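Below are the chains, spelled out letter by letter.
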Amino acid sequence: MVDATPASCLFCRIARGEIPSRSVFQDDEVIVFHDIHPAAPVHLLIVPKRHIDSLLDAEADHQSLLGKMLLLAPRLAKEQGASDGFRLIVNNGTGGGQEVFHLHFHVLGGPRPWRQMSIGR
Ligand code: 5GP
Ligand code: ZN
């Protein structure tokens, strides 16, 4: 599903400010906030404000948005203290372990060890 901005979608609601988040960046297209259950000292979620279920639904029209999201990852990882690198994870569909069906990039970094969880295995 693309752009339906479902009323009940968790990340659409966070993007609209209806549910609070610890955001570190936002503009008209993207919001970035801390994961509520961090798996690493730095664990950010880069989320497009328009609703896209996952990369399985991405289209040519999303190219610049996806590029912006990719370029935000190293910048915000460094700003938030992941000074020596970061991991970028995108879970897509149930087979990919996705739990929130609104596209998001996980940015993980900071001093190890990191908590083991389903992402990043
Ligand atoms: P997924 O498994 O879909 O790739 O990841 C979903 C992520 O969203 C999980 O890491 C989970 O901790 C995070 N998450 C779920 N609900 C909330 C919430 O209400 N606020 C924030 N900030 N993160 C959430
Ligand atoms: Zn959504």
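Residues numbered from 1 in each chain as written. Chains lettered and ligands numbered in written order. Predicted model: local features only at pLDDT ≥ 70, side-chain atom pairs only at ≥ 80, totals over all residues. Heavy atoms only, no water.

**Q** Just checking my understanding: could you explain the side chain of Gln98 for this structure?
**A** Mapped onto the elements, Gln98 comes out in the loop between strand E4 (86–89) and strand E5 (105–109). A distance of 2.9 Å separates a polar atom in the side chain of Gln98 from the backbone oxygen of Asp53. At 2.8 Å, the side chain of Gln98 and the backbone nitrogen of Gly93 are in polar contact. Discounting chain neighbours no more than four positions away, the residues touching Gln98 are Asp53, Ser54, Asn91, Asn92, Gly93, Leu103 and His104. (Helix = DSSP H or I, 4+ residues; strand = E, 2+ residues; numbered from the N terminus. Polar contact = N/O pair within 3.5 Å; in protein donor to acceptor, adjacent residues only side chain to side chain. Contact = heavy atoms within 4.5 Å.)

**Q** What is the right way to look at the site of ligand 1 in this model?
**A** Surrounding ligand 1, one finds 16 residues, the nearest of these being Asp35, Glu99, Val100, His104 and His106. Between ligand 1 and the protein, one listed contact pairs an oxygen atom with a backbone N or O atom of Gly97 at 3.4 Å. Measuring from an oxygen atom of ligand 1, one finds a side-chain N or O atom of His104 at 2.8 Å. Considering ligand 1 on its own, with 520 Å² of exposed area, one finds that the protein chains cover 87% of that surface. Among the secondary structure elements, those contributing two or more residues to the shell around ligand 1 are helix H1 (10–15) and strand E2 (30–34). For the shell around ligand 1, the element with the most residues is H1, which contributes three residues. Across the shell around ligand 1, the residue classes break down as seven nonpolar, seven polar and two charged. (Near = heavy atom within 4 Å. Areas by Shrake-Rupley, 256 points an atom, 1.4 Å probe, with all protein chains shown as cover. Nonpolar A, V, L, I, M, F, W, Y, C, P; charged D, E, K, R; others polar.)

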